[in-house]
Amino acid sequence: MLSQIYIIPVTKLVSYELFISEGTCKNIENYILHLLAKRPNLSNRQIHQISGIDIGSLCYPIRSLRRKGDLYVSGKVKNTTGRIAQTYSLTKSVDHVQQ
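These numbers come from a predicted model, not from an experiment.

Turning next to unusual backbone geometry. It is generally the case that most residues other than glycine have a negative phi and that most peptide bonds are trans. The backbone phi angle of Asn 41 is positive, close to 65°, even though this residue is not glycine. Looking at where Asn 41 falls in the secondary structure, it is placed in the loop between α2 (24-38) and β1 (42-43). On the accessibility criterion, Asn 41 (41% relative accessible area) is partly exposed.

As a further point, take the packing of helix α3 (residues 44-51) against helix α4 (residues 55-68). Between α3 and α4, the shortest axis-to-axis distance is 10 Å and the interhelical angle comes to 120°. It follows from the interaxial angle that α3 and α4 lie oblique. Between α3 and α4 lies a crossing whose hand is right-handed. Contacts between α3 and α4 involve Asn 44, Arg 45, Ile 47 and His 48 from the first element and Ile 55, Leu 58, Cys 59 and Ile 62 from the second.

So, how was this worked out
- Within every chain, residues take consecutive numbers counted from 1 along the sequence as written.
- Residues qualify for local features only when their pLDDT is at least 70, as the model is predicted, and side-chain atom pairs are given and counted only at 80 or more; totals for whole chains, interfaces and linings, by contrast, use all residues.
- Note that the side-chain values use all heavy atoms of the structure and ignore hydrogens as well as water.
- Helical segments are the DSSP runs of H or I of at least four residues, strand segments are the runs of E of at least two, and each set is numbered from the N terminus.
- Per-residue accessibility, obtained with a 1.4 Å probe over protein chains only, is compared with the maximum for each type, and a residue is labelled buried under 20%, exposed over 50%, and partly exposed between these values.
- Every axis in this analysis is a line fitted to C-alpha atoms, fitted for helices over the stretch in contact. Angles between the N-to-C directions lie between 0 and 180 degrees.
- In these notes the angle categories are as follows: under 35 degrees is roughly parallel, over 145 is roughly antiparallel, 65 to 115 is roughly perpendicular, and the rest is oblique.
- Helix crossings get a hand from a simple test, with the near helix turned counterclockwise from the far one by less than a right angle marking a left-handed crossing and a clockwise turn marking a right-handed one.
- Residue contacts follow a heavy-atom distance rule, with two residues in contact if any of their heavy atoms lie within 4.5 Å.

What follows is the structure, encoded as structure tokens:
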């Protein structure tokens, strides 16, 4: 039964639409930019530990900031579980705006 179609639950779709429409994503993006201006080279998990924002809620804003060119992957580190994690920093153009 590999041909089954994956159906996204309605609750997940509604929460995602609210996340985008209410501006929560923009607030998280601004927070990430502010945080990385002060402390560059942070991974998703480190941003989560500092801010308390759910890791799942960080994925879309970080992806959006990377697509806009505001963030770049500055390195890769091994975390405590042995998995490779990407670290992020601000691009030069955003770095000047934040200061």
